Amino acid sequence: MSERTAGHGREHGQGHGHGHGHGENHVVGVGLYLAVFIALLVLTGLTVWSARHDFGALNTPVAMGIAVVKATLVILFFMHVKYSSRLVQLIVACAFVWLSIMIVGILHDYYSPRVTPAQVPLPALSRE
Amino acid sequence: MHHFEDLGQQKEASALGMWLFIAQEIMFFGGLFLIYTVYRSLNPHAFAEASAQLAWQLGAINTVVLIGSSLTMAMAVHAAALGRRKAIAGWLVLTIVLGLVFLGVKVKEYADKFEHHLVPGPHFHFEGPQARAAEVFFSLYFAMTGLHALHMIVGIPILAYMAWMGWKGRFSPEYHTPVELTGLYWHFVDIIWIFLFPLLYLLGAHQV
């Protein structure tokens, strides 16, 4: 963590003015990577532990909650999104907004009460 | 370089393009997760029973292996950012080895499913009244883990090429964008597995 050049991520994040970011690298430290790795292992253990207990209706929310935390750790630190430009951060956020539009829209449609059209005779097509 | 203001902008354009690719990958896998959600909500008990047929221990081992490969990948990008030639190649080779271990475990699991007649199709056999729903679960299991494994099979030669390029000293603190983008792809594959593991392997764990 100590190797990270302080404030660089923010500078990067302001969008590129001229002369910014010339070949500079936000070098995230080895210590941080190890900490994320250990956190991911602990959360994997927690996933297995929680699956062996019955929380009733909360089983899936608990499992997905842990998975979301794990994914967030990977995205922010291993994928450097925490230190990326605002534009990249926006695209990452949009990806999940699009995903949630698809999921919410289709599930909403799927679980809405079926509106079946009444038995209306079909209009005759070019019949006498 | 007429297309970019400077190297920083060029790098950002590369990362942006990779993230757009990953965004459509998220939608691609998202469709499968959606199908899974709908079928599981229709057949919750059959899904739990079918899930209990999977060896969750192997799934857990593979989760650890893949998280480990994400760490070695992050270390490879780190080495590239510092321009350490041998470290780049070393970490990437280690990432490949872990990827191959994952695929090896997957082959063992698939072979077991064939042996126990749990592969959807004419030879599928599942005890109980909900065999059809269990077959749907295994269809989704193979579709989702298969597509995930395919992404790893595509990724490993790319990792090997990056290791070769790194070994030959093609990357430096100024230029290592290919390693960074390969890293984004590899971490994305890890994230998919993070969701697949509890959704496929652990549904029946508290019932058994």
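### Concerning the overall build of chain B
- Counting its regular elements, chain B contains six helices and zero strands.
- Tracing chain B from N to C terminus, the helices and strands come up as α-α-α-α-α-α.
- If one aligns the C-alpha atoms of chain B with their principal axes, the spans along those axes are about 65 × 30 × 30 Å.
- In chain B, buried positions account for 57% of the 208 residues.
- Here chain B displays about 8800 Å² of accessible surface, and carbon together with sulfur accounts for 67% of that area.
- Averaging the locations of the 11 positively and 13 negatively charged side chains of chain B gives two centres separated by 10 Å.

### Remarks on the nonpolar core
- Ranked by size, the top nonpolar core spans 102 residues in total, and within it Met79 of chain A together with Trp19, Phe137, Phe138 and Tyr141 of chain B carry the most contacts.
- Looking at this core, the element that brings in the most residues is helix α6 (residues 177-201) of chain B, giving 17 residues.

### A closer look at the interface of chain B and chain A
- Opposite the 52 residues of chain B that make contact, chain A presents 55 residues.
- Of the roughly 4500 Å² buried between chain B and chain A, counting both surfaces, carbon and sulfur atoms make up 78%.
- Where chain B touches chain A, the interface holds zero salt bridges.
- Seen at the junction of chain B and chain A, the total is three residue pairs in polar contact (both at pLDDT 80 or more).
- Listed by contribution, the elements that provide at least two residues to the side of chain B that touches chain A are α1 (7-42), α3 (56-81) and α6 of chain B.
- Element by element, the count of residues in the side of chain B that touches chain A is highest for α1 of chain B, at 20 residues.
- Of the residues that constitute the side of chain B that touches chain A, the class distribution is 33 nonpolar, 12 polar and seven charged.

### Some points on the side chain of Thr47 of chain A
- Positionally, Thr47 of chain A belongs in helix α2 (residues 30-51).
- Those residues in contact with Thr47 of chain A, other than ones at most four positions away along the chain, are Ile66 and Lys70 of chain A together with Phe197, Pro198 and Leu202 of chain B.

### Considering the packing of helix α4 (residues 85-115) of chain B against α6 of chain B
All names here are of chain B.
- In contact at an axis separation of 14 Å, α4 and α6 are set at 30° when each is read in the N-to-C sense. The angle between α4 and α6 places the two elements in the roughly parallel class. In the packing of α4 onto α6, the handedness of the crossing is left-handed. Where α4 abuts α6, its residues Thr95, Gly99, Phe102, Lys106 and Glu109 lie against Trp186, Trp193 and Tyr201.
- In terms of residue class, the contact of α4 with α6 is made up of four nonpolar, two polar and two charged.

### Some points on the pattern of salt bridges
Residue and element names in this part refer to chain B.
- What the rule picks out here adds up to three salt bridges over all chains.
- With a shortest N-O distance of 2.9 Å, Asp112 and Lys108 are connected by a salt bridge. Of this pair, Asp112 and Lys108 both sit in helix α4, four residues apart, which is roughly one turn of that helix.
- In this structure, Arg132 engages Glu135 in a salt bridge whose closest nitrogen and oxygen atoms are separated by 3.1 Å. With Arg132 and Glu135 both in helix α5 (residues 131-167) and three residues apart, this pair spans about one turn of that helix.
- We classify Glu135 as buried; its relative accessible area is 14%.

### With respect to the packing of aromatic side chains
All names here are of chain B.
- By the definition in use, this model includes 21 aromatic pairs over all chains.
- Measuring from ring centre to ring centre gives 6.5 Å for Phe21 and Tyr185, while their planes differ by 25°; the resulting arrangement is stacked. Of this pair, Phe21 sits in helix α1 while Tyr185 sits in helix α6, placing them 164 residues apart in sequence.
- We classify Phe21 as partly exposed; its relative accessible area is 35%.
- Centre to centre, the rings of Tyr36 and Phe47 are 5.8 Å apart; their planes meet at 65°, and the pair counts as edge-to-face.

What counts, and where the lines are drawn
Residues numbered from 1 in each chain as written. Chains lettered and ligands numbered in written order. Predicted model: local features only at pLDDT ≥ 70, side-chain atom pairs only at ≥ 80, totals over all residues. Heavy atoms only, no water. Helix = DSSP H or I, 4+ residues; strand = E, 2+ residues; numbered from the N terminus. Buried < 20%, exposed > 50% of the residue type's maximum accessible area, 1.4 Å probe, protein only. Areas by Shrake-Rupley, 256 points an atom, 1.4 Å probe, with all protein chains shown as cover. Lys, Arg positive; Asp, Glu negative; His and termini not counted. Charge placed at Lys NZ, Arg CZ, Asp CG, Glu CD. Core = buried A, V, L, I, M, F, W, Y, C linked by side-chain atoms within 4.5 Å. Contact = heavy atoms within 4.5 Å. Buried area = accessible area lost by both parts, 1.4 Å probe. Salt bridge = Lys/Arg side-chain N within 4 Å of Asp/Glu carboxyl O. Polar contact = N/O pair within 3.5 Å; in protein donor to acceptor, adjacent residues only side chain to side chain. Nonpolar A, V, L, I, M, F, W, Y, C, P; charged D, E, K, R; others polar. Axes fitted to C-alpha atoms, helices over the stretch in contact; angles between N-to-C directions. Parallel < 35°, antiparallel > 145°, perpendicular 65-115°, else oblique. Left-handed = near helix turned anticlockwise from the far one by under 90°. Phe/Tyr/Trp six-rings, centres within 6.5 Å; stacked < 30°, edge-to-face > 60°.

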